[in-house]
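For reference, the chains in residue letters:
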Amino acid sequence: VVFVAGQVQLATGLVDMGLSTMERAAVMDSDVQTWISLGVAAMHAEKPFKAHQYLQKAVTTNPKLADPHLGLAQLALERLAITPRSGQSAVIDEVKGHIAGAEKADAKAAGIGALKAQVAALAGDKAEAERLLREETVAHGKDPIAWLNLAQFLEGEDRPEAALAVLEEGNDLRAMFP
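Rules behind the numbers
- Residues numbered from 1 in each chain as written.
- Predicted model: local features only at pLDDT ≥ 70, side-chain atom pairs only at ≥ 80, totals over all residues.
- Heavy atoms only, no water.
- Helix = DSSP H or I, 4+ residues; strand = E, 2+ residues; numbered from the N terminus.
- Buried < 20%, exposed > 50% of the residue type's maximum accessible area, 1.4 Å probe, protein only.
- Contact = heavy atoms within 4.5 Å.
- Areas by Shrake-Rupley, 256 points an atom, 1.4 Å probe, with all protein chains shown as cover.
- Lys, Arg positive; Asp, Glu negative; His and termini not counted.
- Charge placed at Lys NZ, Arg CZ, Asp CG, Glu CD.
- Axes fitted to C-alpha atoms, helices over the stretch in contact; angles between N-to-C directions.
- Parallel < 35°, antiparallel > 145°, perpendicular 65-115°, else oblique.
- Left-handed = near helix turned anticlockwise from the far one by under 90°.
- Nonpolar A, V, L, I, M, F, W, Y, C, P; charged D, E, K, R; others polar.
- Expected span 1.5 Å × (residues − 1).
- Arc of directions from axis to C-beta.
- Polar contact = N/O pair within 3.5 Å; in protein donor to acceptor, adjacent residues only side chain to side chain.
- Core = buried A, V, L, I, M, F, W, Y, C linked by side-chain atoms within 4.5 Å.

A.B. asks: What exactly am I supposed to notice about the overall build of the chain here?
C.D. replies: Helix and strand counts for the chain come out as ten helices and zero strands. Overall, the chain shows an N-to-C arrangement of helices and strands of α-α-α-α-α-α-α-α-α-α. For the chain, the residues scored as buried account for 38% of the 178 residues in total. Contacts in the chain between residues at least 24 apart in sequence constitute 43% of all its contacts with a sequence separation of at least 6. For the chain, the exposed surface amounts to about 10,100 Å²; the carbon and sulfur share of it is 58%. Charge separation in the chain, taken as the distance between the mean sites of 17 positive and 24 negative side-chain charges, equals 6 Å.

A.B. asks: I keep staring at the packing of helix α8 (residues 126-139) against helix α9 (residues 144-156) and nothing clicks. Help me out?
C.D. replies: Relative to each other, α8 and α9 sit at 155°, their axes nearing to 8 Å. By the angle between their directions, the pair α8 and α9 is classed as roughly antiparallel. Where α8 crosses over α9, the two elements pack in a sense that is left-handed. In this structure, α8 uses Lys126, Ala129, Glu130, Leu133, Arg134, Glu136 and Thr137 to contact α9, whose residues at the interface are Ala146, Trp147, Asn149, Leu150, Phe153 and Leu154. Here the residues of the contact of α8 with α9 are counted per class, giving seven nonpolar, two polar and four charged.

A.B. asks: Mind showing me how you'd approach the environment of Gly101 here?
C.D. replies: Relative to the helices and strands, Gly101 resides in helix α6 (residues 85-105). A residue is classified by how much of its surface remains accessible, and Gly101, at 15% relative accessible area, is buried. Sequence spacing of Gly101 and Met43 is 58 residues, and the spatial spacing of their C-alpha atoms is 20 Å.

A.B. asks: Sorry, what's going on with the side chain of Thr137 here?
C.D. replies: Counting through the fold element by element, Thr137 comes out in helix α8. With sequence-adjacent residues up to four places away left out, Thr137 is seen in contact with Ala146, Trp147 and Leu150.

A.B. asks: Before we go on, may I ask you to explain α9 in this structure?
C.D. replies: Every α-helix winds through 3.6 residues per turn, so residues three or four apart in the chain are directed the same way. Taking 1.5 Å of rise per residue, 13 residues should cover 18 Å, and α9 covers 18 Å from first to last C-alpha, within 8% of that figure. Restricting attention to buried positions, one finds in α9 the residues Ala146, Trp147, Leu150, Ala151, Phe153 and Leu154. Each buried residue of α9 lies within a common arc of 160° when the element is viewed along its axis, so the set occupies one face. The N-capping residue of α9, defined by a side-chain oxygen 3.0 Å from the backbone nitrogen of Ile145, is Asp143. In the stretch just after α9, Asp158 is the one whose phi turns positive, near 60°.

A.B. asks: Help me understand the nonpolar core, please; the structure alone is not making it clear to me.
C.D. replies: It is characteristic of soluble globular proteins that their nonpolar side chains tend to be buried jointly. Among the nonpolar cores identified, the biggest contains 19 residues, and Leu19, Met22, Trp35, Leu38 and Tyr54 are the most heavily contacted of them. Elements represented by at least two residues in this core include exactly α1 (2-11), α2 (15-29), α3 (32-44), α4 (48-61) and α5 (66-79). With six residues, the top contributor of residues to this core is α3. When near neighbours in sequence (up to four residues on either side) are disregarded, Tyr54 contacts Leu19, Glu23, Trp35, Leu38, Gly39 and Ala42.

A.B. asks: Looking at this model, I keep getting lost on the side chain of Thr83. Mind explaining?
C.D. replies: Summarising the element assignment, Thr83 is placed in the loop between α5 and α6. Within polar-contact distance, the side chain of Thr83 engages the backbone oxygen of Arg79 at 2.7 Å. With residues up to four places along the chain from it excluded, the contact list for Thr83 reads Gln88 and Val91.

A.B. asks: Just to check I follow, could you spell out the environment of Asp93 for this structure?
C.D. replies: Among the structural elements, Asp93 can be located in helix α6. A sequence separation of 90 residues divides Asp93 from Phe3, and the C-alpha atoms of the two residues are 34 Å apart.

A.B. asks: So what exactly am I meant to see when it comes to unusual backbone geometry here?
C.D. replies: Comment: phi is negative for the bulk of residues other than glycine, and the bulk of peptide bonds are trans. Positive phi, normally seen in glycine, also occurs at Glu46, with a value near 60°. Within the secondary structure, Glu46 is located in the loop between α3 and α4. One non-glycine residue, Asp158, lies in the positive phi region at around 60°. Mapped onto the secondary structure, Asp158 falls in the loop between α9 and α10 (160-176). On the basis of relative accessibility, which here comes to 66%, the residue Asp158 falls in the exposed class.

Structure, rendered in structure tokens:
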């Protein structure tokens, strides 16, 4: 009930109060899913430091789940935009460490390929990034995010026809497997 009250507070724009209420609920339960939910809520509320704190607690509670590792990797990638060039390699290494944690927890988890593709693209290896994104659509064909990630990559590479074809293929495959 306390967690839901926090979600309502968040939904009505009381971000700090909502996160605080949800955190109290998480402390009472100390459940990994609660920490993950709280971390995701903080990410959506654009509170990256809180999100990092909550996702780190999820990893501490149960390091055998891939999701909090993936969330931490995404948070680190988002930090690159405000990191001076001199510190960017350390952030990339942090991302790779979180990806490795996710792979150790569940090598087949959705999102690992997309994060690896982002790292490859940052390193200038566009062919590897595309290969990883295509693998993600094969491994997780029912996941619309996998298809959208590939389409966005292709669009960014100035290949709009290929991006549209990928979206159509993903939609066709998802329709075959409800």
